[in-house]
Every structure is written in structure tokens, then in C-alpha cells.
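If you want the building blocks of each chain, they are given just below.
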Amino acid sequence: MIDQIGNTPLTKSETLSDQYQCQIYIKEDFHNPGMSSKDRAALYMIRDAEIKNFLKPGYTIIEASSGNTGIGLALLAKELGYKCHIFMSSKGSSEKVNLLNSIGAEVTICQNSNGPKDPASSQARAKSYHERHPHSFFCNQYFNQANIDAHYYMTGPEIWKQSEGKVSHIIAGVGTGGTISGLGRYFKERKKNVNILGVDPEGSILTDYHLKGVVNTSPGKYLIEGIGRHFIPGALDFSVIDQFIQVSDQETVTAAYNFKEMTGYLSGFSSAAVLAALNKLDQQQHFKTTDFVVLFFADHGSRYISKLYNSDWLKKELGYKYINRSELT
Ligand code: PMP
């Protein structure tokens with residue numbers, strides 16, 4: 001499994017390139033063995049902990065995860081002979097919980113909360129479990145430099161090579177911040193005028209913090225999974241991000257369905273948010289024909305069949321159904 005992580009395709013989308021009159025490529029990171037970009041962070045955090053002697057044979061790997069990091073860790077734990085216990089927020093899709101259970105990880109579902117200071121949060125419960133179990137290692141991806149390193153040393157060079165350094169824009173969802181911070185650092189060191197754009201759901205506090213430096217203590221709720229935060233992660237390097245683009249649940253769902261109707265492609269929830277952000281960015285500043293835009297797709301729609309692609313769920317959560325392209329009832 002370790003050798004299979006990374007080297008995912010960077011594929012040109014002819015449909016989006018025609019629509020936005022520039023060159024649009026999708027970094028399809030669901031081609032990782034655990035079917036998400038988070039396999040990369042999982043691998044780097046485990047290797048870093050082994051080198052530092054925080055993780056030893058027989059130990060249990062502990063993590064708070066919206067699901068994807070947990071799946072990567074659980075697979076690697078099996079391969080490397082560790083146990084794995086994932087504390088997951090109740091917001092995570094049933095597909096992710098089922099995968100974790102199938103791989104053989106222990107899963108504790110935690111109340112969806114406002115971050116590590118809340119004792120009921122997945123982060124606080126993972127930390128507390130680790131404190132009570134000395135033979136365990138808590139990855140703590142929100143504050144772990146190895147999470148950024150995975151994208152600085154691995155994903156960044158891949159995209160650079162695949163694009164021959166031509167990239168003008170990278171649009172990626174921001175959860176822990178590992179992806180955007182690693183990619184941002186790598187690209188900014190090589191190309192000053194590259195635009196690093198973070199995608200943040202309405203209701204998250206990251207955009208406000210980037211713009212005003214204030215921590216909003218009354219965040220809102222949103223349905224999009226894997227991105228946005230109600231606290232400021234230490235793995236998020238704001239200095240390499242040019243702009244955050246905020247998108248609503250409705251814009252994200254619309255983007256997912258438009259893309260599906262145009263291409264047959266089932267984008268993941270955060271990937272659909274990236275598509276919605278692309279649309280917003282184009283409205284703010286039209287792309288030039290020479291622009292080379294990379295959309296980072298962290299996972300795949302198959303992980304959200306019970307939610308994003310389930311019309312009953314959409315009706316319950318958003319009050320409407322998608323029947324055809326852009327058609328709401
Ligand atoms: N999209 C999905 C589906 C994710 O699971 C995550 C990780 N939570 C992200 C995007 C964001 O990646 P990062 O944590 O590196 O910011």
C-alpha cells in the first residue's frame with residue numbers, strides 16, 4: 001500500500017476548460033489506495049512518529065478524523081502491524097464509517113462540536129484516550145507539521161512535474177490546512193505569482209480569520225464534509241494563501257449536479273465545493289486563456305452516495321431535490 005500512495009493523475013477537463021476558456025486540470029487524489037488525499041498525510045505522520053520514537057511496535061494509532069485520514073491510517077496500521085482507533089464526528093458519512101469498520105479500525109463516533117476545547121469533540125476525546133493509554137500515538141493532524149510535509153514533499157513536486165511548472169492557480173479545500181499549506185509553500189518558493197486559493201464553507205471561521213485576524217466564536221453549520229473549521233488549525237499556514245473563497249451548501253450541491261450532468265463525474269463533497277469556488281472566482285476575475293488552473297479533488301462522490309447524491313437526504317437537509325441539471329423541486 002505504501003508504494004501505491006501518491007502519483008495520482010492530473011487530468012485535463014475539456015468540459016471545464018471550454019466553459020471557463022482556460023486550461024483546467026483536476027488532481028484526482030481519490031486514486032490513492034484509501035481513495036483520498038489523506039493517505040499522504042497518514043503516511044507522513046506515521047513515518048515521522050516512527051523516526052521520533054513516538055510510535056513503536058504494538059502501539060495503537062489514535063486520530064480525530066472526519067473519516068478520510070482515519071481510513072488512510074487504518075489501512076497503513078494494518079500493513080505495518082499497529083492497532084488503530086479513530087474518533088470521528090457524527091457528521092461523517094456512513095460510507096466512511098462502514099469503510100473504517102470493514103478495515104478493522106475501532107471507531108468512536110463523537111458529537112459534532114466546536115473543536116478541541118469542547119470535551120465532547122473528536123479531538124478532545126482522542127487526546128484524552130491517548131493520555132489514558134501510554135502505548136498509543138495521537139497523530140493530531142490539525143497541529144502536526146508532518147501533515148503539511150506530505151504535500152510539500154510529495155503532492156507539490158508531483159503537480160509541478162505533471163504541469164511542467166505551468167500552474168497559475170491552485171484551488172483546494174481547507175480542512176486541517178495540510179494540503180493548501182504544503183502546496184502553497186512548495187509553489188510560492190518556485191513561482192511568486194501563482195495564486196493559492198483556499199475553499200471554505202459558509203459557516204466556517206477560516207475566511208474571516210484570514211481577512212480580519214479575528215476568531216469568530218459563533219460559527220455556523222454547514223453540510224459540506226472534510227473542509228472548514230470552527231477553530232484555527234496549527235497546520236494551516238495562512239501566509240501562503242492568497243484568498244479564501246467561501247461557498248454555500250447550495251452552491252456546492254448545484255456545482256456537483258451540474259458537473260455530473262455535463263461529464264458523468266461524481267465529485268466528492270469538498271471537490272464539489274472546489275467546483276463552486278471555481279465558478280465564483282471566474283465571476284470575480286475572468287480567467288485568461290493562458291491560465292493553468294489545478295482543482296484539487298481530495299476524494300470521490302462514491303463516499304457520499306447516502307448524502308450528496310441522495311435526493312431524500314437533500315430534501316431533508318436543504319428542502320429540495322435535484323431531478324435534472326439545475327432543476328430544483
Ligand atoms: N476534502 C476532504 C474530503 C477531506 O477529507 C479533507 C480532510 N479533512 C480535506 C478536503 C481537506 O484537506 P486538509 O485537511 O489537508 O486541509
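Residues numbered from 1 in each chain as written. Predicted model: local features only at pLDDT ≥ 70, side-chain atom pairs only at ≥ 80, totals over all residues.

In the annotation of an unreviewed UniProt entry, the chain is listed under the name Cystathionine beta-synthase and assigned to Olivibacter domesticus. The UniProt entry for the chain carries this comment under Cofactor (unreviewed entry): "pyridoxal 5'-phosphate". The Sequence similarities (unreviewed entry) field of the UniProt record for the chain holds the comment "Belongs to the cysteine synthase/cystathionine beta-synthase family." (UniProt positions renumbered as here; feature names shortened; annotations may be inferred.)

Caption draft 1: Local environment of helix α4 (residues 94-103). Inspection of α4 places K96, L99 and L100 among the buried residues, and these make up the whole buried set. Around the axis of α4, the buried residues are gathered within 100° of arc, so they sit on the same side. Exposed residues on α4 whose side chains face more than 90 degrees from its buried face are N98 and S102. Contacts from the buried residues of α4 go to α3 (68-80), β4 (83-89) and β5 (106-110). At the C-terminal side of α4, G104 shows a positive phi close to 110°. (Buried ≥ 20, exposed ≤ 12 C-beta atoms within 10 Å, placed from the backbone. Helix = DSSP H or I, 4+ residues; strand = E, 2+ residues; numbered from the N terminus. Arc of directions from axis to C-beta. Contact = placed C-beta atoms within 7 Å.)

Caption draft 2: The sheet that holds strand β10 (residues 292-297), seen in detail. Taken in spatial order, the 6 strands of this open sheet run β1-β2-β10-β7-β8-β9, and their pairing is mixed. Lying at the two open borders of the sheet, with one neighbouring strand each, are β1 (10-12) and β9 (243-247). Across this sheet, the average inter-strand angle for adjacent strands is 25°, counted without regard to direction. (Pairing = 2+ DSSP bridges. Axes fitted to C-alpha atoms, helices over the stretch in contact; angles between N-to-C directions.)

Caption draft 3: Structural detail: the packing of helix α6 (residues 145-163) against helix α7 (residues 178-190). The interhelical angle for the contact between α6 and α7, taken along N-to-C directions, is 55°, at an axis separation of 7 Å. Between α6 and α7, the interaxial angle falls into the category oblique. In the packing of α6 onto α7, the handedness of the crossing is right-handed. Taken together, the residues of α7 that come into contact with α6 (itself represented by N147, I148, D149, A150, H151, Y152, T155, G156, P157 and W160) are G178, T179, S181, G182, L183, R185, Y186, F187 and R190. Each residue belonging to the contact of α6 with α7 can be placed in one class, and the counts come to 8 nonpolar, 8 polar and 3 charged. (Parallel < 35°, antiparallel > 145°, perpendicular 65-115°, else oblique. Left-handed = near helix turned anticlockwise from the far one by under 90°. Nonpolar A, V, L, I, M, F, W, Y, C, P; charged D, E, K, R; others polar.)

Caption draft 4: Main features of the sheet that holds strand β3 (residues 60-65). In space, the 4 strands of this open sheet follow the order β5-β4-β3-β6, with parallel pairing throughout. The open sheet has two free edges, formed respectively by β5 and β6 (136-138), since each of these has just one partner strand. Sheet twist, expressed as the average angle between the axes of neighbouring strands with direction ignored, equals 20°. With 6 bridges connecting them, β3 and β4 associate as parallel partners.

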